[in-house]
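Chains, contacts and geometry: an overview
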Amino acid sequence: MDRRFLLKASAVGSAALAAPLVVTRAAHAQAYKNEYKVSTVVGTAFPWGKGAEIWINLVRERTQGRINMKLYPGVSLINGDQTREFSAMRQGVIDMAVGSTINWSPQVRELNLFSLPFLARDHAGLDAITQGEVGQQMMKVVEKAGVVPLAWGENGFREVTNSRREIRTPADMKGLKFRVVGSPIFNDTFSAFGANPTQMSWADAQPALASGAVEGQENPLHIFTAAKLHTLSQKFVTRWGYVADPLIFAANREIWDSWTPQDRDIVRAAAVEAGKQEIALTRKGLTANDMSMIKEVEGLGVKVTELSESDKQAFKKVIQPVYEKWSKQIGTDLVKRAEAAVAASRGKA
Ligand code: X2X
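To keep things clear, this report deals only with the structure shown in the data block. (Residues numbered from 1 in each chain as written. Predicted model: local features only at pLDDT ≥ 70, side-chain atom pairs only at ≥ 80, totals over all residues. Heavy atoms only, no water.)

1. Overview of helix H14 (residues 309-318)
An α-helical turn contains 3.6 residues, so any two residues separated by three or four positions project in the same direction. The line we're drawing: Partly exposed residues are those whose accessible area sits between 20% and 50% of the maximum for their type, while under 20% is buried and over 50% is exposed, using a 1.4 Å probe and protein chains only. For helices the rule is a DSSP run of H or I covering at least 4 residues; for strands it is a run of E covering at least 2, with both sets numbered from the N terminus onward. Note: the arc covers the axis-to-C-beta directions of the helix. Contacts: residue pairs with any heavy atoms within 4.5 Å of one another.
Those residues of H14 that sit buried are Asp 311, Lys 312 and Phe 315. One face of H14 carries all of its buried residues, which in axial projection span an arc of 95 degrees. In H14, the exposed positions angled more than 90 degrees off the buried face are occupied by Ser 310 and Lys 317. Looking at the buried residues of H14, the elements they touch are strand E8 (236-252) and strand E9 (303-306).

Following this line, the structure appears as structure tokens:
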């Protein structure tokens, strides 16, 4: 019998139906699905997809197969429309996901925090946000928005690339056609630089770069190499580190509630562990004592430009109005606390 009907019937006070309700609930708690669908944008050739795979394997092992998760990369459960991932998970079209805060921002406006240009600045700054009280509050916001957040991961710092010329100053961006991701803050940012942004999905971005319909894009370097963006005319990379792109491991609320407390603990602990491993993969070759990723990109025949602090300031200055506009939408208090956390990580607070 339909559980919703039972709930409704018991709510109007039918004693006869109250008993079956209890039974149905108990049965529901046992009713594990044969497969739990896990959504990601990219597959296991990327740290992001690899992180999801690590999670899946840990959970399968530790639940002796009771919880059998399966990876659906390419956001294939929603035809590649990554900006709908959050609502699809909330509705149960997607059971679980490892999703980018950018893709969930259209539904959870506070997540735009991470897309404020030049906020986090480096790994330590990003950790200060996600691992501190701002990160905890963010998890509460996501939970309130309707899914169960479990752990942080990381897509990485997003670097700007294009087919036309080296980008060193905001003026170099003028008139360039860029593919941007699904949160409108990116349109505002790239417009402020005088560029010509078009919002499109990752699936559409690659053919658009190939045909020259757009000339540039921004993504972490691990995405650049795994997706072979140098073969799509992306010959110039500028390391400006303007936006960090965290990932969140999460589950649909009803699915979560259908598991025993022990299994929930296993799934959460596995997500935390997979998240840590995934972050390490994302940062590989991009840390002070190992910058091998830069060599790898240069080895593809790409010019990599490093921006100095003062170069970055020039970009930061141009987008200041965008930063202020979006700070209001995100919540100025939240932004201030994130800024303070970053400053403390740099020994300046
Ligand atoms: O679409 C992108 O650029 C990607 C893959 O980085 C995200 O899903 C945010």
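Additional details are given in the paragraphs that follow.
2. What to know about the site of the ligand
Which entries qualify depends on this criterion: Whether a residue is near a molecule or strand depends on its heavy atoms: if one lies within 4 Å, it is near. Two N or O atoms count as a polar contact when they lie within 3.5 Å, although within protein this holds only if one can serve as hydrogen donor and the other as acceptor, and sequence-adjacent residues are included solely when both atoms are side-chain atoms. Three categories are distinguished: nonpolar for Ala, Val, Leu, Ile, Met, Phe, Trp, Tyr, Cys and Pro, charged for Asp, Glu, Lys and Arg, and polar for the others, with Gly belonging to the last.
Taken together, Val 41, Trp 48, Gln 82, Ser 100, Asn 103, Asn 155, Arg 158, Arg 179, Val 181, Trp 202, Asn 219 and Asp 245 make up the full set of residues near the ligand. Asn 155 is positioned such that a nitrogen or oxygen atom in its side chain is 3.2 Å from an oxygen atom of the ligand. Here the shell around the ligand is composed, by residue class, of four nonpolar, five polar and three charged.

3. Section: the pairing of strand E2 (residues 69-72)
Just so we agree on the cut-off: When DSSP finds two or more bridges between two strands, those strands count as paired.
Looking at chain direction, strand E1 (residues 36-39) and E2 are connected through four bridges and run parallel. Considered in E2, the bridge of Val 38 is made with Leu 71.

4. Digging into the pattern of salt bridges
Any two side chains of opposite charge can pair if their charged atoms end up close together. What counts is decided by this rule: Here, a salt bridge means any Lys or Arg side-chain nitrogen found within 4 Å of an Asp or Glu carboxyl oxygen.
In the structure shown here, the tally under the stated rule is 22 salt bridges. Several salt bridges converge on common partners, so that one network encompasses Asp 127, Glu 154 and Arg 283.

5. Details of helix H15 (residues 320-330)
Of all the residues in H15, the buried ones are Val 322, Tyr 323, Trp 326, Ser 327 and Ile 330. Along the long axis of H15, the arc covered by the buried residues comes to 135 degrees, so they all point the same way. Every exposed residue of H15 that faces more than 90 degrees away from the buried side is listed here: Pro 321 and Lys 328. Lining the buried residues of H15 we find helix H8 (184-192) and helix H16 (332-345). Positioned one or two residues after H15, Gly 331 has a phi angle of 120 degrees, which is positive.

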